[in-house]
2 protein chains.
Amino acid sequence: MTKKKHDLTEGEWAIIQAVWSNQPCAAPTVQEVLQSERAWTYSTVKTMMDRMVAKGLLKTERIRNLILYSAAVTRREAQHCEIMRAAKRAFDGAFTPMMQFLLDSNKLSKEQLTELETIIKTKKVEAKSKR
Amino acid sequence: MTKKKHDLTEGEWAIIQAVWSNQPCAAPTVQEVLQSERAWTYSTVKTMMDRMVAKGLLKTERIRNLILYSAAVTRREAQHCEIMRAAKRAFDGAFTPMMQFLLDSNKLSKEQLTELETIIKTKKVEAKSKR
DNA sequence: AAGTTTACTCTACACTTGTAAAGATTGCAA
DNA sequence: TTGCAATCTTTACAAGTGTAGAGTAAACTT
């Protein structure tokens, strides 16, 4: 299975997040879940979801008159594609400048910084042991 | 001046990168600069740039029959918006999980990790002194 | 069986983005 | 003055995305 590009639109992100959290689920369920943040009618949601099926982002299973949707893309895959896209657009595809930018631009708490530092130390050990 | 959202499309990113590198510059210049990576005609580029003017992403200065374009958005602003958008879509707006994801997903060299660690230490000092 | 509820299907419109050809204008060279 | 190059302007089409109403069908209740 070749690596597919999963470039999700704003609306698709909202929907697939709801699907990940509730799969397998029906379209009306997704509409209800998103109701509080999106003023979408069932009709809008259904259309978007069926288009996502056509794009290979969701898959369906029919049980009598009910259609259950599941994500055809993992959260990690989708996140990875989103980040790669951002890096490509804004940083010529380079992740390290992007991370540096993130660190420079955002007010992270000491706790968060410490946590990241710990992760980096771990990564350094892994990088070292793998060399 | 209120903080504007600068959500740039794929095409807009290519164009504004070229403008940042050559501003102030004319549309034909941008077309030539992008020629090697984008098979766009002058007409396409001009249309996109004029739309970007309408969206407040570029500004113009007319000298006789020549229109010179400059970016109305700094590279940092645009990069920031791109990252915030990615974070919002893929990480519910949270930067730390995004950062962790980046660290988990990319094979960084020891040197790169050290560099990031240094930045974090610097940020920790700043965060501490600001509290 | 009729009525109601739930979900699906069909259809359509508006806007954005990408793409670009054809025509018009300006400025310069011959 | 004419011709040409460079640039601008006008116009248009296609595909994707967002949005959703009206009609239809299935399942359940009375």
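Just so you know, these numbers come straight off a predicted model, no measurement behind them. (Residues numbered from 1 in each chain as written. Chains lettered and ligands numbered in written order. Predicted model: local features only at pLDDT ≥ 70, side-chain atom pairs only at ≥ 80, totals over all residues. Heavy atoms only, no water.)

Some thoughts on the overall build of chain A
Rules: Strands here mean DSSP runs of E at least two residues long; helices mean DSSP runs of H or I at least four residues long; both are numbered from the N terminus. Every radius of gyration here is taken over C-alpha atoms, with the globule rule written as 2.2 Å times N^0.38, N being the number of residues. Partly exposed describes any residue whose relative accessible area lies between the buried limit of under 20% and the exposed limit of over 50%, with all areas from a 1.4 Å probe on protein chains only and scaled to the type maximum. Whether two residues touch is decided by their heavy atoms; if any such pair falls within 4.5 Å, the residues are in contact. All accessible areas in this document rest on Shrake-Rupley with a 1.4 Å probe, and a residue is counted as covered only by the protein chains that are shown. In this tally Asp and Glu are treated as negative and Lys and Arg as positive; neither His nor the chain ends contributes. Here the site of a charge means atom NZ of a Lys, CZ of an Arg, CG of an Asp or CD of a Glu.
Within chain A, the secondary structure is distributed over six helices and two strands. Traced from its N-terminal end to its C-terminal end, chain A shows the element sequence α-α-α-β-β-α-α-α. Whereas a compact globule of 131 residues would reach a radius of gyration of roughly 14 Å, chain A reaches 19 Å, over 25% beyond that. C-alpha extents for chain A along the principal axes are approximately 55 × 35 × 25 Å. Within chain A, the fraction of its 131 residues that count as buried is 45%. Considering only contacts in chain A between residues 6 or more positions apart, those separated by 24 or more positions represent 48%. Counting only carbon and sulfur atoms, one obtains 51% of the accessible surface of chain A, whose full area is about 7600 Å². The centroid of the 23 positive side-chain charges in chain A is displaced by 5 Å from the centroid of its 15 negative side-chain charges.

Focus on the relation of the copies chain B and chain A
These two copies of the chain differ by a rotation about an axis and a displacement along the same axis. Here is the rule: Only residues with pLDDT of at least 70 in both copies contribute their C-alpha atoms to the least-squares superposition of the copies.
Laying chain B over chain A is done by rotating through 179° and shifting 0.0 Å along the axis; what remains is an RMSD of 0.4 Å. Overall, the copies show the geometry of a two-fold rotation axis. Judged by C-alpha distance, E117 of chain B is the residue of chain B that lies nearest the rotation axis, at 2.9 Å. A share of 98% of the interface residues of chain B reappears at the interface of chain A, consistent with the copies meeting face to face through the same patch.

Regarding the packing of aromatic side chains
Residue and element names in this part refer to chain B. Short version of the rule: For Phe, Tyr and Trp, rings pair up if their centres lie within 6.5 Å, where Trp contributes its six-membered ring, and each pair is then called stacked (planes under 30 degrees apart), edge-to-face (over 60) or tilted (otherwise).
In the structure shown here, the tally under the stated rule is four aromatic pairs over all chains. Both rings, one in W13 and one in W20, keep their centres 6.0 Å apart while their planes meet at 65°; by these two values the pair is edge-to-face. The same class applies to W13 as to W20, namely buried.

A closer look at helix 4 (residues 75–91) of chain A
Quick reminder of the rule: Given the number of residues in a helix, its expected span is that number minus one, multiplied by 1.5 Å.
Look at helix 4 of chain A: 23 Å from first C-alpha to last across 17 residues, which is about the 24 Å you get at 1.5 Å a residue. Buried within helix 4 of chain A we find A78, Q79, C81, E82, I83, R85, A86, A87, R89, A90 and F91 of chain A. Buried residues along helix 4 of chain A sit against helix 1 (10–22) and helix 5 (95–105) of chain A together with helix 1 (10–22), helix 4 (75–91) and helix 5 (95–105) of chain B. Looking one or two residues past helix 4 of chain A, D92 of chain A carries a phi angle of roughly 50°, positive in sign.

Comments concerning the pattern of salt bridges
The following threshold applies: When a carboxyl oxygen of Asp or Glu is within 4 Å of a side-chain nitrogen of Lys or Arg, the pair counts as a salt bridge.
Tallied over the entire structure, the rule returns 18 salt bridges over all chains. What you see here is one network of salt bridges that share partners, running through E10, E82 and R85 of chain A together with K88 and R89 of chain B.

Re the domain arrangement of chain A
Interfaces are often sized by the accessible area lost when the parts come together. All names here are of chain A. Note the threshold: Domain start and stop points were drawn from an automatic or database domain assignment. Note on definitions: buried area is the accessible-area loss of two parts on being combined, 1.4 Å probe, summed for both. Polar contact is the term for a pair of N or O atoms within 3.5 Å; when the atoms are in protein, one must be able to donate a hydrogen and the other to accept it, and sequence-neighboring residues count only if both atoms are side-chain atoms. Following the grouping adopted for this structure description, the nonpolar residues are Ala, Val, Leu, Ile, Met, Phe, Trp, Tyr, Cys and Pro, the charged ones are Asp, Glu, Lys and Arg, and the polar ones are all others, Gly among them.
In terms of domain boundaries, chain A breaks down into domain 1 (1–93) and domain 2 (94–131). Once you take the C-alpha centre of each, domain 1 and domain 2 turn out to be 30 Å apart. At the interface, seven residues of domain 1 touch five residues of domain 2. Here domain 1 and domain 2 share an interface that buries about 520 Å² over both sides, 79% of which is from carbon and sulfur atoms. The tally of links between domain 1 and domain 2 comes to zero salt bridges. The tally of links between domain 1 and domain 2 comes to two residue pairs in polar contact (both at pLDDT 80 or more). Class assignment of the residues belonging to the side of domain 1 that touches domain 2 gives a composition of five nonpolar, one polar and one charged.

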